[in-house]
Structure formats: structure tokens, C-alpha cells
Amino acid sequence: MVAYIVRRSVMLIPILLLISLVSFAIIELPPGDWVTYQIENLRASGIELNEDEAERLVKMYGFDQPAWKRYVRWMRGILFKFNFGWSFQWGKTVNELLGERLPLTLVISISALIVSWIIAIPIGIYSATHQYSVLDYIFTFFGFLGLTIPTFLLAMVLAWYIFKLTEFAPLGLFSIEYMDEPMSMEKFIDMLKHLVLPLIIIGLNGTGALIRVMRGNLLDELKKQYVITARAKGVNEMQLLFKYPVRMSMNPVISTIGWILPGIFSGEVLVSLVLGLQTTGPLLLRAVLAQDMFLAGSIVMILSVLTVIGTLLSDILLAALDPRIRYSAAAAR
Amino acid sequence: MSDTGRGDLLLEVRNLQVHFYLFEGVVQAVNDVSFDVHRGRTLGIIGESGSGKSVSAQSVMGIVPSPPAKQLAGEIRLHRATPDGGIETVDLGRLDPRGQEYRDVRGGEIGMIFQEPMTSFSPLHTVGDQIGEAILLHIPDSTPQSARERTVDLLRRVGIPRPDRAVDAYPHELSGGMRQRAMIAMALSCDPALLIADEPTTALDVTIEAQILELIQELQDDLNMAIIYISHDLAVVGGVADEVMVMYLGLVMEHADAETIFDEPLHPYTRALWQSIPKIDGPLEQLVPISGNIPNPFAVHKGCPFYARCTERIQGVCDESPPPVLEPRQGHTVRCFLYADDVDLASNGATGD
């Protein structure tokens, strides 16, 4: 098992290198860079820059050097100083920017994830064991609703309704009166009130999908011979259900942890935009729009790295849970 | 089970009727099936796919999926031994299949071996865990430690090499034959009075099949256990069964002791079956397949369900009303008009009495 983890981790190194190259390339690909974007902006607002000044800007930010040099400089910063570079747009380091936004992002994403698991897994199990019952149809109906309604639409409609009914605007993280206040009990409660809506929206969306996955997996497993064998031993139905088919049907859910990890980091871009939440999602969007290359590149790279690490975590978890995977891995070694 | 001798009545199934209510229609999987099972003896059930042989056995176990299946009629009386040495009778058909009482019978009084050794065990749990589970459920005062010891003993008894290591093996680490042996160990783990074997060797190759059959018979002699052996393989049933029941579309067509039914089959369907298998010791003969196909399972038959394929059918009789169950000889029943008193038998070459 330890050898398996070590082997998989070593295999990550070339993949990570490739990811960093691709992230950098994506940023470099579109024509123009941050400086030309700035010069255009200044021109558009009527300020004419002379050639010298433009060149000075280019030199200052190192855009006169070849791309591979900029890449090496960037990577050196990340690897040795954990410094992801400078955001031109915000005038801050990328580390600072992410540090400001990550806590909120993580709180929203992780609690939405927990909410959706707590709701979806029991419902999925119930739906599968009571297939075509009235409740199954009701859950299926709402599951599909949750799955198909775009989150940004739900966010807009619900935010408007809540404002209409209660005069409370569930936008941003704090109400205006608390915006510049120091943290207090009232401000904290105000924040929680603002968090309820995004949690429900993001959570419901994941819940719909997870109910379908859980129900489908479990239905497949319930028909399997080993379930009948266990029943033929006289095992109590509840014990049987959780010991055998539910455990088996969790495998595909566990294998999706690899995609959940980057999702936690980026947050729901659209929901955050609509509800004005300062998570990392809108940050990435604005960075890409403005060709704020180090910020955008860093976020893209962190997301990719998290995907790779998440996949590794999934594989390790699966190997721990499923002896067949464990043994085939040992055989491959 | 001290004072219960060989040949004592263990299980009586009477007029069992199980239908499946599917979206496409009703499948009359089992229609009026009756049989007895005696301690220490083997009842073979022969039939093609869809004949209702497995559903009959699953009904005894109480593991027919319901819905869509429903037991409409019939009794399944089990004469079980009580701890004080007496015999009590329970009608399994009336028990809640998920209730405590039925669960005590299932895996305790009655063990079952299935067709697919590859999928019969959960791949996530060790063989020992899954066999031990049955022991912990049914053997009073057992502990995980004693269950493990008993499991190792059982694995040794069914001929698995190095049982003390096999107990911790996962199912995928065992070969098909070994897995079926482990399956037998599981079915026998609580000394059942009745073992139901539902095509236990169908998925195995012929040499392994012979070993498994031999093992089952050995264990039967040791434990004085009754066996219901289900198969579509006539030769296998002929080798293991004391009495044989031939089923077709949910009906028992013929029922007699093994020797009689193979030597002097009465029902045209049984005779057709016998003609469709090669004989090793006899002269070379042309094999005669049964013409036609098994009818659509949703079809409802006014007369005999075998009418369309029967070579000895009597038009206007067999297709008009359901054939009666007759007993032309002591202990030999057949569901066919050919043996009714008012039908001339001589022209059909049958040996009635």
C-alpha cells in the first residue's frame, strides 16, 4: 500500500511539470499582454503615451524577455519562495489576493458539499430501495430540477424574491451597515444570513446530480447475486443493505473526489458573480478578461494541481476500500 | 436433529402458485407446483429456462423478488426440529419474508448454493467474513473467534487447500471451483436440514463439476441432509437425484423416482427431453430435438402448455382444457390426457397399468 502511494506520487512529477507549462502557455497564447492592455485602456480614456513611456512599462514588467525566461522566473518563485507572482490588475501579490478570498471560498464550497452529501446520499439510498414509489418519483422530480436549473438563474430569481418578500438583499457577504464595522456578533450573524442562499443554491445543484448517481449505482448493485446470497444467509435487510450494496455503490462517488477538490477551490463562478460574493471564481474570470497573466496562470495551475492531487486521493481511497484494486496495483508493481 | 431419521418428511410444498406482475404483463412463473422433500434424500428438478424451477426453490427460501412476484396460493410447510428434540411445522409461505422468523430458517434450516460462483460473494469482504456472518447469525453463543474456527473447519471439509489462509482471502483470489466450494461451505455453515442447489455446476467445467457433485453427495451422507437439486442438465440430475420432477412453464409435468423416470418416462415432454440427449453406452442414434420454441412467457394457455410442441397431442382435448394430474403407477404422477381412463392408450405405445 505504501509502495503504491509512493509510486503514484513519483508519477505525478512529470504531470505537474506539464501542467505548469500548459498553464503558462494558455496565458501567453492570446495576442497582447497586460502592458498593451493597459496602454490601450489609457489611450481609450484619452491619455496618449509616448513610445518611451510604453517601452519603460514593458521593460519594468519584463515583457521584453523571451517567454521561457519569464516561465523559469515564475516557476522559481513558486517552487522556492511559494510566490505566485504579481497581479498587475490589483497591484498586489497573487498570494495576498488568494489569501483574502480563499477562506470564504472554502467555507462556502465545503459546507455546500457537506450539505449536498448529507441530503443526497440518504435520498439516493431511499429512492433505489423504494424504486417507483411515490416518494421516489417526488425525489426524482426535484433531483432533475436541481440538476437542470442553471445555478445563476436560480440565484437571480431567489435573490430577487427574498428581497421582494423580506427587504433583505442577500448579496455580497455583509449588509452595507456592517461593511466597514469591525467583526462583532451582529456582523457575524449578518454574514451567516448572507451565506444561506449561496449554500442552498450550490448545495442543491450538487444534490440533484448526486441523488441520480447514488440511486443508479445502488439499483445496479441491488440486483447483484451477492446481495441475494447475503439474503439467503438470513441477514437482516438493513444490515445487508449497508454492509454490501451501499458500500459498493459508494465507489463511484469516492472516485469523483478528484473533481470535487478543484471545485472547492474555485467556488461557483456564476453564483458568486450573481450574488456578489468575493470568492476565487470571479477573481479568475476578471484575471482572464484583463490578461492579468500571473494571477490567471496561477489560478489555472492551482486548479490543475488540485485535480491531479484529488485524483490521487480518490485512487488511494478506492484502493483502501476495494481489495480488487489493491491487488491489481500490487501485481502491476 | 437427533431423533430425525433418513426418509422423514422435511418439506411439503402444496399447490404453489407464483406470478410475476411485470410492466409487459403477467408471467405465470409457477402454477400449481407440489412436491415433498425427505431427510437425507435428493429431489432433482429438471426444466428448461423459464420452467419455474428456480422460482419454486426461491419461494421456499423466501427470496423471490416481491414486487414484482406474488405468491397467490399454496403452502410451504417445513417440519423443523426443535431444540428439545421434537418437530414443529411452519408454513413458510405465511411468514414475512423479511421477518425474523423467516430469517432464522434462511441460512439456518435451509442453505442455498447458487449458479454463479463468480458473483455470489461480495468482492469487498473476505470469504471468512461472509461465511462467518452466517455462523454468527444462526449458531447460538458464537463469537467472532469461534465463527472463524468453524469457518476454517468448513473450508477444510469442502476440500479447500490451506483453509487457514483461504479464510482471509478475497473472492477474486480463488478460482471458480474453489469459490463454489466456499459457497457450499457457506450454505452448510449452520448444519441445514435442507440444501437447495440451484444449478451449482453450470458455470464450472466438467472435471470441477464432477468434484463438486461428489462433494455434495459426501456431505449429504455425513449430515443426513435433504437436497433439492435444480438443473437443466439431465445427466447430472440422473446422477444425484433419488426422485425427479420435470417442470415445463410453471407446471410439474411428471414426477417419479429417478430410476423410473429415466427408464419409463410417461409424459411426451419427458420422453422428448430424453431423446434430445446423447447416450454414452447405447447404440448411436439420431438426436431428436424438441420442435418449436418455449412459448412466450406472457401467454396464457387454455389447455396443455406443451400442446404446440407435442408429438402425441390430441386435438380438441389437449388444447381445450388443462390436463389433469394422474397417477398411473404408485408414486409416479404425470400431467397428461394420454393417461386418462377415457383416452385410448394403446395407440400411443405408453405403458400404463
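It should be emphasised that the depicted structure is a prediction, and the values quoted were computed from it without experimental measurement.

A. Layout of the confidence of the model for chain A. Summing up the model confidence of chain A, the mean pLDDT is 83 and the portion of residues at 70 or higher is 96%. At the low end of the mean pLDDT range in chain A sits helix H16 (residues 323-332) of chain A, at 62; at the high end sits helix H9 (residues 225-232) of chain A, at 90.

B. Helix H5 (residues 94-129) of chain A, seen in detail. Helix length check: H5 of chain A, at 36 residues, gives a terminal C-alpha distance of 49 Å against a target of 52 Å (1.5 Å per residue), a fit within 8%. Arginine 101 of chain A marks where H5 of chain A bends most, by close to 35°; the proline proline 103 of chain A follows one to four residues later.

C. Highlighting the interface of chain A and chain B. Contacts between chain A and chain B engage 21 residues on the former and 26 residues on the latter. Both faces considered, chain A and chain B share a buried interface measuring about 2300 Å² in area, 63% of it formed by carbon and sulfur atoms. Applying the counting criterion to the chain A and chain B interface returns four salt bridges. A salt bridge links lysine 243 of chain A to glutamate 133 of chain B; its shortest N-O distance comes to 3.4 Å.

D. Highlighting the state of the cysteines. All names here are of chain B. In this structure the tally under the stated criterion is zero disulfides over all chains. Unpaired in this structure, cysteine 336 has its nearest cysteine sulfur neighbour in cysteine 318, at a distance of 6.1 Å. Under the relative-accessibility criterion, cysteine 336 is labelled buried at 8%.

E. Expanded view of the pattern of salt bridges. Throughout the structure, instances matching the rule amount to 26 salt bridges over all chains. Glutamate 237 of chain A is the salt-bridge partner of arginine 98 of chain B, the closest N and O atoms lying 3.7 Å from each other. Of this pair, arginine 98 of chain B sits in the loop between strand E5 (87-91) and helix H2 (100-105) while glutamate 237 of chain A sits in helix H10 (residues 237-243), placing the two residues on different chains.

F. Quick peek at the nonpolar core. Core analysis: the biggest nonpolar cluster contains 100 residues, and Leu11, Leu194 and Ile196 of chain B have the highest contact counts within it. Counting 36 residues, the second-largest nonpolar core is a separate cluster that includes Val35, Phe63, Tyr71 and Ala296 of chain A.

G. Quick look at the sheet that holds strand E1 (residues 9-22) of chain B. All names here are of chain B. Ordered by their spatial adjacency, four strands build an open sheet running E2-E1-E4-E5, and the pairing between neighbours is antiparallel. Strand pairing shows two members of the sheet lacking a second neighbour, strand E2 (25-38) and E5, which therefore form its edges. Sheet twist, expressed as the mean angle between neighbouring strand axes with direction ignored, is 10°. Sheet topology places E1 next to E2; nine bridges connect them, and they run antiparallel. Looking at the pairing, valine 18 lines up with valine 30 of E2. Lying on the sheet, helix H1 (residues 53-61) is in contact with E1, E2 and strand E4 (69-81); it crosses E1 at an angle near 115°.

H. Seen up close, unusual backbone geometry. Residues and elements named next belong to chain B. At aspartate 32, a residue that is not glycine, the phi angle is positive and equals roughly 55°. When you line up the elements, aspartate 32 lands in strand E2. Take aspartate 32: its relative accessible area is 30%, and that puts it in the partly exposed class. Phi at aspartate 141 takes a positive value of approximately 60°, unusual for a residue other than glycine. Along the polypeptide, aspartate 141 turns up in the loop between helix H3 (127-138) and helix H4 (144-157). Accessibility expressed as a relative area gives 78% for aspartate 141, which makes it exposed.

I. Inspection of the packing of H3 of chain B against H4 of chain B at higher detail. All names here are of chain B. Running from amino to carboxyl end, H3 crosses H4 at an angle of 115°, the nearest separation of the two axes being 9 Å. Relative to H4, H3 is oriented roughly perpendicular. In the packing of H3 onto H4, the handedness of the crossing is right-handed. Contacts between H3 and H4 involve Val127, Gly128, Ile131, Gly132, Ile135 and Leu136 from the first element and Pro144, Ala147, Arg150, Thr151, Leu154 and Leu155 from the second.

J. How the structure looks around the environment of serine 142 of chain B. All names here are of chain B. Mapping serine 142 onto the fold places it in the loop between H3 and H4. Separated by 10 residues in the primary sequence, serine 142 and glycine 132 place their C-alpha atoms 9.6 Å from one another. Ignoring any residue separated from it by four or fewer positions in sequence, one finds serine 142 in contact with Ile135 and Leu136. There is a polar contact of 2.8 Å between the side chain of serine 142 and the backbone oxygen of isoleucine 139.

K. Seen up close, the pairing of strand E6 (residues 110-113) of chain B. Residue and element names in this part refer to chain B. The alternating pattern of E6 places Ile110 and Met112 on one face and Gly111 and Ile113 on the opposite face, and all of these are buried. As defined by bridge partners, E6 adjoins strand E7 (residues 194-198) across four bridges and the pair is classed as parallel. Considered in E7, the bridge of isoleucine 110 is made with leucine 194.

The rules behind each value
Residues numbered from 1 in each chain as written. Chains lettered and ligands numbered in written order. Predicted model: local features only at pLDDT ≥ 70, side-chain atom pairs only at ≥ 80, totals over all residues. Heavy atoms only, no water. pLDDT = per-residue confidence, 0-100. Helix = DSSP H or I, 4+ residues; strand = E, 2+ residues; numbered from the N terminus. Expected span 1.5 Å × (residues − 1). Bend = angle between axes of the 7 residues up to and from the residue. Contact = heavy atoms within 4.5 Å. Buried area = accessible area lost by both parts, 1.4 Å probe. Salt bridge = Lys/Arg side-chain N within 4 Å of Asp/Glu carboxyl O. Disulfide = S-S within 2.5 Å. Buried < 20%, exposed > 50% of the residue type's maximum accessible area, 1.4 Å probe, protein only. Core = buried A, V, L, I, M, F, W, Y, C linked by side-chain atoms within 4.5 Å. Pairing = 2+ DSSP bridges. Axes fitted to C-alpha atoms, helices over the stretch in contact; angles between N-to-C directions. Parallel < 35°, antiparallel > 145°, perpendicular 65-115°, else oblique. Left-handed = near helix turned anticlockwise from the far one by under 90°. Polar contact = N/O pair within 3.5 Å; in protein donor to acceptor, adjacent residues only side chain to side chain.

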